[in-house]
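# Coordinates in review
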Amino acid sequence: QVQLVESGGGLVQAGGSLRLSCAASGSISSINVMGWYRQAPGKQRELVATIASGGSTNYGDSVKGRFTISRDNAKNTVYLEMNSLKPEDTAVYYCNLGRDFGSWRSNDYWGQGTQVTVSS
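Described in the following lines is the structure provided in the data block. Because the structure is predicted, anything quoted here is derived from the model rather than measured.

### Quick notes on the nonpolar core
If you look at the biggest cluster of nonpolar residues, it comprises 28 residues, and the most contacted ones within it are Trp36, Leu80, Met82 and Tyr93. Those residues in contact with leucine 80, other than ones at most four positions away along the chain, are Leu18, Arg19, Leu20, Trp36, Val48, Ala49, Phe67, Thr68, Ile69 and Tyr93.

Structure representation (structure tokens):
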């Protein structure tokens, strides 16, 4: 069983920064992908960023150049540094852990979500 625990969400003004953390525990394969997705009220869940255990990253178009994803493989922890935040970044942010199949990934486990609110 795998558990994901997120932290770091909160309220910030536009232009500010936040750092999210997600720690995974349990039976975790060394080859995996961890990432962040978000869901705003009335909208579909969308990709924010992912990072494979090998270090390769992928970002959603809306956050490129503003957010940075990183991870500590030894701690099975993924981080999301969010800079230059905009009101449209307001959403519940969900941590994800999946198996890495190279050209695609699974989305096996999800965290409970952490609220990020950006005021204008």
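More follows now that the structure is in view.
### Examining the packing of aromatic side chains
Here the structure, examined in full by the defined rule, presents two aromatic pairs. Their ring planes at 65° and their centres at 5.2 Å tell us that tyrosine 37 and tryptophan 110 sit as a pair that is edge-to-face. Separated by 73 residues along the polypeptide, tyrosine 37 in strand E4 (residues 32–39) and tryptophan 110 in strand E10 (residues 109–110) bring together distant segments of the chain. Overall, tryptophan 110 belongs to the partly exposed group, its relative accessible area being 30%. Considering the side-chain rings of phenylalanine 101 and tryptophan 104, the 4.3 Å spacing of their centres and the 10° angle between planes classify their relative orientation as stacked. On the basis of relative accessible area, phenylalanine 101 is assigned to the partly exposed category, the value being 40%.

### Considering the state of the cysteines
One pass over the structure, following the stated rule, counts one disulfide. Each sulfur in the disulfide pair cysteine 22 and cysteine 95 lies 2.0 Å from the other. Sign of the S-S torsion, about -85° for the bond between cysteine 22 and cysteine 95, identifies this disulfide as left-handed. You can see cysteine 22 sitting in strand E3 (residues 18–26) and its partner cysteine 95 sitting in strand E9 (residues 91–99), a full 73 residues away along the chain. As far as burial versus exposure is concerned, cysteine 22 and cysteine 95 are alike and both buried.

### Thoughts on the pattern of salt bridges
Considering all chains together, one arrives at six salt bridges under this definition. Arginine 19 is paired through a salt bridge with glutamate 81; the nearest N and O atoms lie 2.7 Å apart. In this pair, arginine 19 is assigned in strand E3 and glutamate 81 in strand E8 (residues 77–82), connecting sequence segments 62 residues apart. For aspartate 108, the salt bridge identified is with arginine 99, shortest N-O distance 2.7 Å. Since its relative accessible area comes to 43%, arginine 99 is described here as partly exposed.

### Things to note about the side chain of arginine 38
Along the chain, arginine 38 falls in strand E4. Of the polar contacts made by the side chain of arginine 38, one reaches the side chain of serine 62; its length is 3.0 Å. Polar side-chain contacts of arginine 38 include one of 2.9 Å to the side chain of tyrosine 93. In this structure arginine 38 touches Gln44, Arg45, Glu46, Val48, Ser62, Val63, Phe67, Glu88, Asp89, Ala91, Val92 and Tyr93, once residues within four positions along its chain are discounted.

### Considerations on the sheet that holds strand E7 (residues 67–72)
The sheet built from four strands is open, its strands ordered E1-E3-E8-E7 with antiparallel pairing. Edge strands, defined here as strands with exactly one partner in the open sheet, are strand E1 (2–7) and E7. Averaged over all neighbouring strand pairs, the angle between strand axes comes to 15°, with direction disregarded. Pairing between E1 and E3: six bridges, direction antiparallel. Paired with glutamate 6 across the two strands is cysteine 22, which belongs to E3.

What counts, and at which threshold
Residues numbered from 1 in each chain as written. Predicted model: local features only at pLDDT ≥ 70, side-chain atom pairs only at ≥ 80, totals over all residues. Heavy atoms only, no water. Core = buried A, V, L, I, M, F, W, Y, C linked by side-chain atoms within 4.5 Å. Buried < 20%, exposed > 50% of the residue type's maximum accessible area, 1.4 Å probe, protein only. Contact = heavy atoms within 4.5 Å. Phe/Tyr/Trp six-rings, centres within 6.5 Å; stacked < 30°, edge-to-face > 60°. Helix = DSSP H or I, 4+ residues; strand = E, 2+ residues; numbered from the N terminus. Disulfide = S-S within 2.5 Å. Salt bridge = Lys/Arg side-chain N within 4 Å of Asp/Glu carboxyl O. Polar contact = N/O pair within 3.5 Å; in protein donor to acceptor, adjacent residues only side chain to side chain. Pairing = 2+ DSSP bridges. Axes fitted to C-alpha atoms, helices over the stretch in contact; angles between N-to-C directions.

Any functional reading would require information beyond the geometric quantities listed.
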